[in-house]
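Structural characterization, general
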Amino acid sequence: MSRVLTQAPTPRVPPPVAPPPLGPVGMARWAWRQLTSMRVALLLLFLLALAAIPGSVVPQRDSDPLAVGELAASNPELARWYERLGLFDVYSAPWFAAIYLALFVSLVGCIVPRSRQHWRAVRARPPAAPRALERLPAHRRSTLDAPPSEVLAAAHAVLRRRRYRVVRDGADGPDGAGGAASLAAEKGHLRESGNLVFHLALVGVLAAVAVGSLFGYRAQVLVVQGGGFANTVIQYDSLRTGALFDPADLPPFTLRLQRFTMDFADSGAQVGTPLDYDAYVRWQPSPDAPTQQQHIRVNEPLSTAGTLVHLLNPGYAPRLTVRDADGDVLFSGAVPFLPQDANFTSTGVLKVPVAAQPGRADAGADIGTETGADIGIEGLFLPTAVLDAAGPRSVFPEPRDPALFLTAWTGDLGLDDGIPQSVYRLDTSRMTQLRADGDLFRAALGVGESAQLPGGHGSVTFDGYTRWANFQVSRNAGKEVALVSVLCAIAGLTASLFVRRRRCWVRVAAAPGGRSVVEVAGLDRDAGGDLGTEVEQIETQVRAALQGSRPRPEGAP
Amino acid sequence: MSQALSAQLAALSNNLVYAAMAAYTVALLALAAQLAATRTVPGEAPRPVREPVSVSVGSSRRDGGSSPKVLDPAPALPAASSRAERLARIGRSVLVLATLLLAGGVVARGLAAGRTPWGNMYEFSITGALVAALAYLLLRRRYPLDAVGVWLVAVVLLTLGLAVTVLYVPVGPLLPALRSYWLVIHVFAAIVSAGVFTVAMVLSALQIVAERAERTGRPLRGYLATLPAAGRLDALAYRVTAFGFPVWSFAVVAGAIWAEVSWGRYWGWDPKEVWALVTWLVYAAYLHARTTAGWRGRRASVVALVGYATLLFNFFGVNLFFAGLHAYGGV
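Criteria and cut-off values
- Residues numbered from 1 in each chain as written.
- Chains lettered and ligands numbered in written order.
- Predicted model: local features only at pLDDT ≥ 70, side-chain atom pairs only at ≥ 80, totals over all residues.
- Heavy atoms only, no water.
- Helix = DSSP H or I, 4+ residues; strand = E, 2+ residues; numbered from the N terminus.
- Axes fitted to C-alpha atoms, helices over the stretch in contact; angles between N-to-C directions.
- Parallel < 35°, antiparallel > 145°, perpendicular 65-115°, else oblique.
- Nonpolar A, V, L, I, M, F, W, Y, C, P; charged D, E, K, R; others polar.
- Salt bridge = Lys/Arg side-chain N within 4 Å of Asp/Glu carboxyl O.
- Buried < 20%, exposed > 50% of the residue type's maximum accessible area, 1.4 Å probe, protein only.
- Domains from an automatic or database assignment.
- Core = buried A, V, L, I, M, F, W, Y, C linked by side-chain atoms within 4.5 Å.
- Contact = heavy atoms within 4.5 Å.
- Buried area = accessible area lost by both parts, 1.4 Å probe.
- Polar contact = N/O pair within 3.5 Å; in protein donor to acceptor, adjacent residues only side chain to side chain.
- Phe/Tyr/Trp six-rings, centres within 6.5 Å; stacked < 30°, edge-to-face > 60°.
- Expected span 1.5 Å × (residues − 1).
- Pairing = 2+ DSSP bridges.

**A word on the environment of V26(B)**
You can see V26(B) is positioned in helix α1 (residues 3-39). The sequence separation of V26(B) and A98(B) amounts to 72 residues, and the corresponding C-alpha distance is 9.1 Å.

**Quick word on the packing of helix α9 (residues 271-289) of chain B against helix α10 (residues 298-321) of chain B**
Residues and elements named next belong to chain B. Running from N to C, α9 and α10 cross one another at 170°; their axes reach a closest spacing of 8 Å. Comparing their axes, α10 and α9 come out roughly antiparallel. For the contact of α9 with α10, the per-class residue count stands at 18 nonpolar, six polar and one charged.

**A few points about the pattern of salt bridges**
Any two side chains of opposite charge can pair, so long as their charged atoms come close to each other. All names here are of chain A. Across all of its chains, the model carries 30 salt bridges over all chains by this definition. Here R240 and D62 are joined by a salt bridge, their closest N and O atoms 2.6 Å apart. Here R240 is found in strand β6 (residues 238-241), whereas its partner D62 is found in the loop between α3 (54-57) and α4 (65-74), with 178 residues between them in sequence. Note on R240: relative accessible area 43%, which makes it partly exposed. A residue is classified by how much of its surface remains accessible, and D62, at 47% relative accessible area, is partly exposed. The network of salt bridges with shared partners includes R162, R502, D524 and E534.

**Focus: the domain arrangement of chain A**
Parsing chain A into structural domains produces domain 1 (30-122), domain 2 (128-188 + 500-549), domain 3 (194-216 + 478-492) and domain 4 (217-359 + 366-475). Of note, the centres of domain 1 of chain A and domain 2 of chain A, computed from C-alpha atoms alone, are 51 Å apart.

**Overview of the nonpolar core**
Among the nonpolar cores identified, the biggest contains 129 residues, and Y24(B), L160(B), V199(B) and L203(B) are the most heavily contacted of them. Counting residues per element, this core draws most heavily on helix α6 (residues 181-215) of chain B, which supplies 17 residues. Beyond its immediate stretch of four places on either side in the chain, V199(B) contacts A132(B), A135(B), Y136(B), L139(B), L152(B) and V240(B). Core analysis: the second largest hydrophobic core is formed by 51 residues, L255(A), F264(A), V322(A) and F337(A) among them.

**Considering the interface of chain B and chain A**
Taken together, the contacts link 58 residues of chain B with 57 residues of chain A. With both chains or domains summed, chain B and chain A bury close to 5,000 Å², and 67% of this area falls on carbon and sulfur atoms. For the pair chain B and chain A, the interface holds one salt bridge. For E260(B), the salt bridge goes to K479(A), with nearest N and O atoms at 3.3 Å. For the pair chain B and chain A, the number of links is 13 residue pairs in polar contact (both at pLDDT 80 or more). Among the elements of the structure, α2 (68-71), α8 (230-263), α9 and α10 of chain B are those that each provide at least two residues to the side of chain B that touches chain A. Ranked by the residues each element gives to the side of chain B that touches chain A, the list is headed by α8(B), at 15 residues.

**Observations regarding the packing of aromatic side chains**
Inspection of every chain in the model, using the stated rule, returns 29 aromatic pairs over all chains. Note on F381(A) and Y465(A): the rings are 5.9 Å apart at their centroids and 45° apart in plane angle, and the pair reads as tilted. Highlighted residues: F381(A) in strand β15 (residues 374-382) and Y465(A) in strand β24 (residues 459-475), separated in sequence by 84 residues. Using a relative accessible area of 26% as the deciding quantity, one classes Y465(A) as partly exposed. Centroid distance W151(B) to Y223(B): 6.4 Å. Interplanar angle 75°. Geometry classified as edge-to-face. Within this pair, whereas W151(B) is found in helix α5 (residues 146-167), its partner Y223(B) is found in helix α7 (residues 222-226), the two being separated by 72 residues in sequence. Every member of this aromatic cluster is reached through a ring pair, and the members are F260(A), F264(A), Y277(A), Y316(A), F344(A), F381(A), F462(A) and Y465(A).

**Looking at the environment of T273(A)**
Within the secondary structure, T273(A) sits in the loop between β7 (254-264) and β8 (274-284). For T273(A), a relative accessible area of 12% gives the class buried. Sequence separation between T273(A) and P397(A) is 124 residues; the distance between their C-alpha atoms is 8.7 Å. Residues within four places of T273(A) in sequence aside, it is in contact with D263(A), F264(A), A265(A) and L175(B).

**Notes on helix α2 (residues 38-52) of chain A**
Along its 15 residues, α2(A) runs 21 Å from first to last C-alpha, staying within 8% of the 21 Å computed at 1.5 Å per residue. Here the buried face of α2(A) lies against α1 (24-35), α3 and α6 (94-123) of chain A together with α9 of chain B.

**What about the sheet that holds β7(A)?**
Residue and element names in this part refer to chain A. An order of β5-β7-β8-β9 is seen for the four strands of this open sheet, with the pairing classed as antiparallel. Taken across any chain shown, the strands that pair with only one partner, and hence form the sheet edges, are β5 (228-230) and β9 (292-297). Adjacent strand axes in the sheet meet at a mean angle of 25°, parallel and antiparallel pairs treated alike. Of the pairings in the sheet, the one linking β7 to β8 comprises 10 bridges and is antiparallel in character. The partner of M262 across the bridge, within β8, is Y277.

What follows is the structure, given as structure tokens:
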């Protein structure tokens, strides 16, 4: 914190004399001295603060990939430049790493020599008493009715009790032999120790973060109530991993979402605010372990073998049944819809590939051909439906009057192309929207109702609805190291800011009549201390320790 | 708790906050009038030039401009007129009263909601204003700071005004994401450090004003003569910031731990996290700057002001402009 103490005084304006040319070693030494100087450390701190800001303004691929995609679509030229500058991945960009690595090199370059210095300072004797104690910032002198040896012993005890490191100062000659003896005391080395611990702990935090980004992983998986997943890479909807992540490290648990409940405020000033999401799960830590039960809530993740399972966002999944013209079921099940607003107005799609079915009489005739007669359904699920001039929407997040609005497409879904697609978006480039009586086909269904698709494409039934929950499975490798480091850092920081470095000297000289003249002087090495009180208290305590001896102010007869 | 009682407490809280604002206004006027009265004492010679702050380039003493003597709570003002003294007493008493009213408002708000009252920007603002006022009152017990108090009260009033007009939301339940004891720990640490940094900000700003005035070398007149010396302001601002900084560090760390519990990662470069780090870095730079030759005094104060600006931006800007995981400010 106070490097200036250990540096030679630096003139503000360098002397206008051309320095002698430096060799490569000299240059390196110069560069190193610059890098580890406080000025450069300051500069790097500012630079790091500045460099962190763009990541809060430009969408980051790590936290919001959707926004990155949208920006690239709406403003490709700008996105290209952002890409070149690494602004979509600021915190893993080389220029960002360069700044914080330089800062840490500067930090280590400063801390190592200071640690050596501190080690020596801690083991060194407190400096001997200056000749003229009265010239120190705080100084008191009085005469006590006790021989010097007793006074010295009492002062020694008092200083020890006040947690000073005390040494007998030999410089003043023998004790009690007409000359003076003195004590030198010092405290507050903890300040620099705290300072060093703080900076070293920051290196620990950096190391922990590095470990985390190398070995950690984070995956998301959407589970419909009643469904579940096994913790393997293929079951995730999305996965981000560190460079050294090994899928074999995944804890082999399986989890089933038995029941998922959502509770919302239904009165008061904040109607519709979520009150509680509760996922009741049954899970096995490994295939041969007994089944356990647990509630996962927003701030209460499931924890197993260093991996956490968090409840992220919830939603509704309408249960649909699609039948063909003959009444044969093509699809039946729950389809997760994505909420678009706080009242869970949710959109979703259902893709029903209609393949040629060899066992059927009309195989190849009008369905299941290469050109395709797949069915795509786009729907809007409204837990509490209202249809007015603003269009269909939900006005409350709980299902009080659920309705499903849908429209349908037919054609080629493109599922056989081998190109991965979103399950929440219909690629309609090779499809046509169904029409009824010249208008686009639309249907509004209550629970249990069905709609016939025009053109003999079968029917859709809205059987009901269930809920889904999005879970995050993650491991933050190195988090324990990070936590310990950061706690050490705060402890060290506190010590380095609040511990005061102080020196204190007591000199005792024999006075006629078995009395002693005692001088107490102090020196604060940090600003803001109440040194006068400290010296006064030391003197008072020494006096109190010498019970029976009557103090006399100097100069009194 | 019954709905009716909750509504009554909520109304009481609002009334107490309004009453506190009225009282702060009275305190502000009294303190300002006192300063005005002090500077128009008839026949009083202008205060002599104080020793300029020794920026002490190349000094090996770390505390060059702020030796313990400068911090002694010796009154900075010459004997003021009795009217000024009376006004000062009124101002100080009303300031205490206003702070008590505000404390009552915050407590009533918490009782009405049945939880710690820092679940949204309104509650955060009134609690932060309370912490700033309390920190100032504590500081004032040791140092004569009426000239600083005027500005601090102005900032508190501004905060409260913003809270009741723009940020106000009725008492309501917490979002599921906020229902955790980490809310108490993390947000409380953030509020305390924000309040403390607010006091430090006023001190740093006045330090710049005082140092500029002292550099002219002319005798100080008017309001400037009532300000503590720049060196003293510098030392005080440092001590207050040095208290706020570990608390802020703790707030960030507690936030990281909560994020681990709540979102499954302890650091995810969410805009709120980014700006918390920026604030931390700038205040760290301030603490380093104060020990660097050539940076103490005005330049360090400017760094502290930049730090406070980033803190404000984190509170207002990030909540209002950026979509992030901390988007439950309730505005």
